[in-house]
Amino acid sequence: MTAPDPVTLSVLDNRFRAIVEEMGEAMLRTTYSQILNSSRDFSIALCDAAGRLVAQADHIPVHVGAMPFAVEAVVQAFGDGVREGDIYLLNDPYHGGSHLPDLTAIVPVFAEGRLVFWSVVRAHHTDIGGATHGGYNPAATEIWQEGLRVPPILLGQGRVPREDLVRMIATNTRLPREVRGDLMAMIGAAHLGERRLLAVLHKHGAGPTVAAVDAILDLSEVHARRIVATWTDGEWLGEAFLDDDGFGTNDIAIRARVTKRGDSLRVDLTESAPQTPGFVNSSYPNMASAVRMAFAFLLDPEVAKNDGCFRPVEIVAKEGTVVWAREGSPVTMCTSHCSNEIVEAVVKALANACPDRAMGGWGRRFRVAIKGRDARRPDRSFVWHLFHARPGGGGSSKGDGWSTAGEWHSAGGLKFGSVEMAEARFPLFFAKHEFRPGSAGDGTFRGGLGGELELRLETDGPAVANTAGDGVRHGAAGMLGGRDGAPHHYTLNRADGTARDLRTKEVGIPLASGDVLHVRAGGGGGWGPPENRDPAARARDAEEGLL
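Quick caveat: nothing in here was measured; it's all calculated off a predicted structure.

Trainee: Give a description of the sheet that holds strand 7 (residues 160-161) that names residues and reports values.
Mentor: Within the open sheet, the seven strands sit side by side as 2-1-5-4-3-6-7. Their pairing is antiparallel. The open sheet has two free edges, formed respectively by strand 2 (53-56) and strand 7, since each of these has just one partner strand. Here strand 4 (residues 102-111) runs beside strand 5 (residues 114-124); their pairing, made up of ten bridges, is antiparallel. Paired with Ala111 across the two strands is Arg114, which belongs to strand 5. In the packing of helix 4 (residues 67-78) onto the sheet, contacts are made with strand 1 (42-48), strand 2, strand 3 (87-90), strand 4, strand 5 and strand 6 (153-157), and the angle to strand 5 comes to roughly 125°. Where helix 6 (residues 176-204) meets the sheet, it contacts strand 1, strand 3, strand 4, strand 5, strand 6 and strand 7, and its direction lies at approximately 25° from that of strand 4.

Here it is in structure tokens:
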């Protein structure tokens, strides 16, 4: 069928984007847990019947590039058995997921008797069972120690979830109320997307809408290829390093050999280090998403980030490496690390082809999850995930990096939320929350500053913490002569006067009321030689106390 005229194509493209944005707003207003309704660790996508990404909202980039794999897994599992009104769910990294805390709800959209779209919601749940609270187990050596593993399942029919399956999932977590509420919010948002798509299909018809999707994806491909064609041809190797895997292996290399010819790219990750015993390994969908994310960061903002946009990129990887672990390996940290390092390696390589588009490295993730009790709510325990004191973003040819913007894998999509709201919801006191002077990587344009936080616990009795992250050995990379950002430095100052530095991968750290967590987050990498920085910019930084 002939595609609609250009005006109608533009209207439909923007309509699809509006739908995913509205779905995201519905999630924000209906979820239960802090990690979703404050920190916004969720993403939305629309895929066509073939599982191609049609539209995404500006949420968490590393989620979205992996979500078509979830649709593909549902199609492989259920095939022609998919029916209107079905609700599907999965989180298995080896069957369409990225890591276990990210549950993905998928709803098919039918029109005129045929499957036309999939409405997809992925959300990071505050707990997913397993050996440790909060969904991250630095001690895990196999995926079964990381939490509840859900392959593609039929969660409901007739647009109604099965209560027995919902109860089973919630019961296998430490926070069943929050998990149940967040799961219902996901299903509600997916059904909202279905309703909005049905309105589009009713107005334009299934055939013309499908033809429009094909044309929209083709236009995005043309747009992306037009940009790539302006870059320098060549082959380059970019490297980035993980601190460690928590089991004694240090400086784990991610290597991206990138070849640019004409309007196409080939990203070869086969030279990356072997997979490790720990949870910094990546699932295949997460690895592919990280490569696509790096590519998307180097394109114009106006390029629609859909399936067509990513067609110029060929990805080559080897199973058994840290970027593509064998089934059964632990991978929970992968959406942060090694995805950040994959992006860094690809951007380092392509900085040779498009220096004005490459940016300094964004800071790395150092998560702390605290489990305890609040005297104000004695009937239930809490799990709180640290999202405050974010690291800095990288500098670029257009200016200094964004301070406390977060990590490359989220690109500002994760928020730390209101300090006052966190204090109202959890037994915490924020004594300090500000920029960390001197944390930014120097350059012609410096990186953004990381945050500094002094957080005092006011728990009812003892509590326990886990850490999960990276970036105390390696800071965010400087680019094209820019300096690296400062690495993280987290300290636990105990109420009894003792203190110690926190490692990025620890389990079962005992905490007491009155203990203070002192967070000094890393800054972003600088762009360009520091000697070319405008003296007026340096003077301004000094005046504002940023140095």
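Now that the structure has been shown, the text picks up again.
Trainee: Before we move on, can you summarise the sheet that holds strand 20 (residues 516-520) with the specific residues and values?
Mentor: A sheet is described by the order of its strands in space; here five strands give the open sequence 14-15-20-17-18, paired in antiparallel fashion. In this open sheet, the two strands that pair with only one neighbour each are strand 14 (428-435) and strand 18 (499-501). Neighbour-to-neighbour, the strand axes of this sheet turn through a mean angle of 15°, independent of strand direction. Pairing of strand 17 (residues 489-493) with strand 20, which is carried by five bridges, proceeds in the antiparallel orientation. Looking at strand 20, one finds that His489 is bridged to Arg520.

Trainee: Give a detailed account of the side chain of His124, specifying residues and quantitative values.
Mentor: Within the secondary structure, His124 is located in strand 5. Each residue touching His124, except ones within four places of it in the same chain, is listed here: Ile35, Leu36, Asp41, His99, Pro101, Asp102, Tyr136 and Arg367.

Trainee: Give me the lowdown on the nonpolar core, citing residues and values where you can.
Mentor: If you look at the biggest cluster of nonpolar residues, it comprises 131 residues, and the most contacted ones within it are Phe16, Met27, Leu155, Trp231, Phe295 and Ile342. Those residues in contact with Met27 that sit more than four places away from it in its chain are Leu36, Phe42, Ile44, Val121, Ala123, Ala185, Met186 and Ala189. Residues Val419, Phe430, Leu502 and Leu517 belong to the second largest nonpolar core, which totals 24 residues.

Trainee: Hey, could you go over the side chain of Glu506 for me, with residue numbers and the actual values?
Mentor: Its location among the elements puts Glu506 in strand 19 (residues 505-511). Of note is the side chain of Glu506, whose polar atom sits 2.9 Å from the side chain of Arg500. In this structure the side chain of Glu506 is engaged in a polar contact, spanning 2.7 Å, whose partner is the backbone nitrogen of Arg503. In this view, Glu506 contacts Pro138, Asn466, Thr467, Arg500 and Asp501; residues no more than four positions away in its chain are not counted.

Conventions adopted
- Residues numbered from 1 in each chain as written.
- Predicted model: local features only at pLDDT ≥ 70, side-chain atom pairs only at ≥ 80, totals over all residues.
- Heavy atoms only, no water.
- Pairing = 2+ DSSP bridges.
- Helix = DSSP H or I, 4+ residues; strand = E, 2+ residues; numbered from the N terminus.
- Contact = heavy atoms within 4.5 Å.
- Axes fitted to C-alpha atoms, helices over the stretch in contact; angles between N-to-C directions.
- Core = buried A, V, L, I, M, F, W, Y, C linked by side-chain atoms within 4.5 Å.
- Buried < 20%, exposed > 50% of the residue type's maximum accessible area, 1.4 Å probe, protein only.
- Polar contact = N/O pair within 3.5 Å; in protein donor to acceptor, adjacent residues only side chain to side chain.

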